[in-house]
Amino acid sequence: MSPRAEPRACVMGHGVAYSRSPLMHGHWLRTLQLDGGYDLVDVAPEAFEDFLRHLARHGYVGGNVTRPHKDAAFRLVDDRDGAVEAIGAVNTVWLEDGRLAGGNTDAEGFLANLDQQAPGWDVAGGLAIVLGAGGAARAVVYALLERGFDVGVVNRTVARGDDLVRHFRARPRSWPRSWPRSWAFEELPRLLPDARFLVNTTSLGAKGQPPLDINLQRVRPEAVVCDINYVPLETGLLRAARHLGHRTADGLGMLMHQGVPGFARWFGVRPAVTPGLRQLLESDIRAREGAG
Ligand code: ATR
């Protein structure tokens, strides 16, 4: 009798060597004393469909999907959960009776992180500005609409922002309470004084990317500022916000919280987001931040 292979999962992305998902899932496997593994797999866009469709043949029971494959994964999975249908992107996949199921845990992770890092952040409601209009932005917009915000999407390519708005307008009439609106970056100075929440979902400000150059001087002091990038831990946006006295939430918390449901699917145990895990990831990021 051949020994049963240990379950393995992976994160599928392209140009995402910075990903701390392997470190995080490895920590959970170790601390929970589970047999299993979690790899970083670089898959070029042209190879993604084949890789995803033959996940089991590649030795995986499931995995995370990240930049730039979340939209492609949405089209390729056999079954989608409710959040996936609303967001139009997949960040978590697993095999179920031979079928490829897709979920999206980004919205859940985004909200859990803000609830933890900035309690009461959503109480006042009002205008939430989302920078970016990609797959990550759709998850964030979905989450903000769920919490009752009016959402303004600001994107370099206005047509893409408009597409995002159309995506949500096509949802059933009972949802959401208000529709998001789309704006050009040039409109940002006019919008910022009304914002109660500001989040960057673009890659601007992440390590190796151009800076996100916006002036926060006219943002009201009680507004909470968030960046979903986590390398560097404190992006230029978050640093500027902190200097102006805003409450902030970083992207590392979202990474940790969005990882929980996938791990539970692949390995059968729900892991915890602990200070120890944050410390491990923070020291790894800090250690390598200066390393070019
Ligand atoms: P993700 O799944 O992480 O959202 P994505 O779908 O590739 O990734 O979206 C990336 C987002 O970052 C987009 O909003 C993109 O703006 P465009 O739609 O105009 O491309 C934004 N972005 C990336 N590089 C940018 C840059 N140099 N300046 C402004 N926005 C940028």
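Reading the values: the criteria
Residues numbered from 1 in each chain as written. Predicted model: local features only at pLDDT ≥ 70, side-chain atom pairs only at ≥ 80, totals over all residues. Heavy atoms only, no water. Pairing = 2+ DSSP bridges. Helix = DSSP H or I, 4+ residues; strand = E, 2+ residues; numbered from the N terminus. Contact = heavy atoms within 4.5 Å. Axes fitted to C-alpha atoms, helices over the stretch in contact; angles between N-to-C directions. Salt bridge = Lys/Arg side-chain N within 4 Å of Asp/Glu carboxyl O. Phe/Tyr/Trp six-rings, centres within 6.5 Å; stacked < 30°, edge-to-face > 60°. Buried < 20%, exposed > 50% of the residue type's maximum accessible area, 1.4 Å probe, protein only. Lys NZ or Arg CZ within 6 Å of the ring centre and 35° of its normal. Right-handed = clockwise from strand over helix to strand, strands pointing away. Near = heavy atom within 4 Å. Polar contact = N/O pair within 3.5 Å; in protein donor to acceptor, adjacent residues only side chain to side chain. Areas by Shrake-Rupley, 256 points an atom, 1.4 Å probe, with all protein chains shown as cover. 1 Å grid on protein atoms, 1.4 Å probe; cavity = no way out; pocket = protein on both sides within 12 Å on 5 of 7 lines; lining within 4 Å. Sits in = over half its atoms within 2 Å of the grid points. Nonpolar A, V, L, I, M, F, W, Y, C, P; charged D, E, K, R; others polar. Domains from an automatic or database assignment. Buried area = accessible area lost by both parts, 1.4 Å probe.

## A short note on the sheet that holds strand β4 (residues 79-80)
1) Next: Sheet architecture is open: 6 strands sit in the order β2-β1-β3-β5-β6-β4, paired in mixed fashion. Whereas interior strands pair on both sides, the edge strands pair on one side only; in this sheet they are β2 (37-42) and β4.
2) Next: In this structure, strand β1 (residues 8-13) lies alongside β2, joined through 6 bridges in parallel fashion. In the sheet register, Ala 9 faces β2, and the bridge partner there is Tyr 38.
3) Next: Contacts between helix α2 (residues 45-53) and the sheet are confined to β1, β2, β3 (62-65), β5 (92-96) and β6 (99-103), with β1 contributing the most and set at about 160° to the helix.
4) Next: Of the strands in this sheet, β1, β2, β3 and β5 are in contact with helix α10 (residues 251-267), which crosses β5 at around 15°.

## Brief notes about the pattern of salt bridges
1) Next: A full pass over the atoms with the stated rule returns 20 salt bridges.
2) Next: Note that Arg 286 and Glu 282 form a salt bridge whose closest N and O atoms lie 3.3 Å from each other. Of the two residues, Arg 286 and Glu 282 are both situated in helix α11 (residues 275-289); the distance of 4 residues between them amounts to about one turn of the helix.
3) Next: Among the ionic contacts, a cluster of salt bridges with common partners joins Asp 250, Arg 278, Glu 282 and Arg 286.

## Observations concerning the packing of aromatic side chains
1) Next: Applying the stated criterion to the full structure yields 11 aromatic pairs.
2) Next: Considering the side-chain rings of Trp 121 and Phe 197, the 5.1 Å spacing of their centres and the 50° angle between planes classify their relative orientation as tilted. Here Trp 121 is found in the loop between α5 (106-117) and β7 (127-131), whereas its partner Phe 197 is found in strand β10 (residues 195-200), with 76 residues between them in sequence. Note on accessibility: Trp 121 and Phe 197 belong to one class, buried.
3) Next: Aromatic side chains Trp 266 and Phe 267 sit 6.1 Å apart centroid to centroid with 85° between the ring planes, which places their arrangement in the edge-to-face category. Both residues of the pair, Trp 266 and Phe 267, count as buried.
4) Next: One aromatic cluster in this structure is built from Trp 28, Tyr 38, Phe 263, Trp 266 and Phe 267.
5) Next: If you follow Arg 190 out to its NZ or CZ, it ends over the ring of Trp 183, 5.0 Å from the centre.

## Focus on the pairing of strand β8 (residues 150-155)
1) Next: Taken across its 6 residues, β8 has 5 buried, putting it largely inside the fold.
2) Next: The sheet contact formed by β7 and β8 spans 5 bridges and is parallel. Looking at β8, one finds that Val 130 is bridged to Val 153.
3) Next: In this view, the connection linking β7 to its parallel neighbour β8 by way of helix α6 (residues 135-146) has right-handed handedness.

## Re the site of the ligand
1) Next: The environment of the ligand is made up of 13 residues, and the closest members are Arg 67, Ala 133, Asn 155, Arg 156 and Thr 157.
2) Next: A distance of 2.8 Å separates an oxygen atom of the ligand from a polar atom in the side chain of Arg 156.
3) Next: Notes on the ligand: free accessible area 640 Å², of which the protein chains cover 79%.
4) Next: Put simply, the ligand lies in the largest pocket.
5) Next: Taken together, the residues of the shell around the ligand break down into 3 nonpolar, 7 polar and 3 charged.

## A closer look at the domain arrangement of the chain
Frequently, the measure chosen for interface size is the accessible area removed from exposure when the parts meet.
1) Next: Structurally, the chain comprises domain 1 (8-104 + 255-291) and domain 2 (108-249).
2) Next: Across the boundary between the two partners, domain 1 contributes 24 residues, which contact 22 residues of domain 2.
3) Next: Summing both sides of the interface, domain 1 and domain 2 together bury roughly 1,800 Å²; the carbon and sulfur share of this comes to 55%.
4) Next: Three residues, Ala 86, Ile 87 and His 257, lead the burial of domain 1 against domain 2; their summed loss comes to 31% of the area buried on that side.
5) Next: Linking domain 1 to domain 2 there are 1 salt bridge.
6) Next: There are 8 residue pairs in polar contact (both at pLDDT 80 or more) connecting domain 1 and domain 2.

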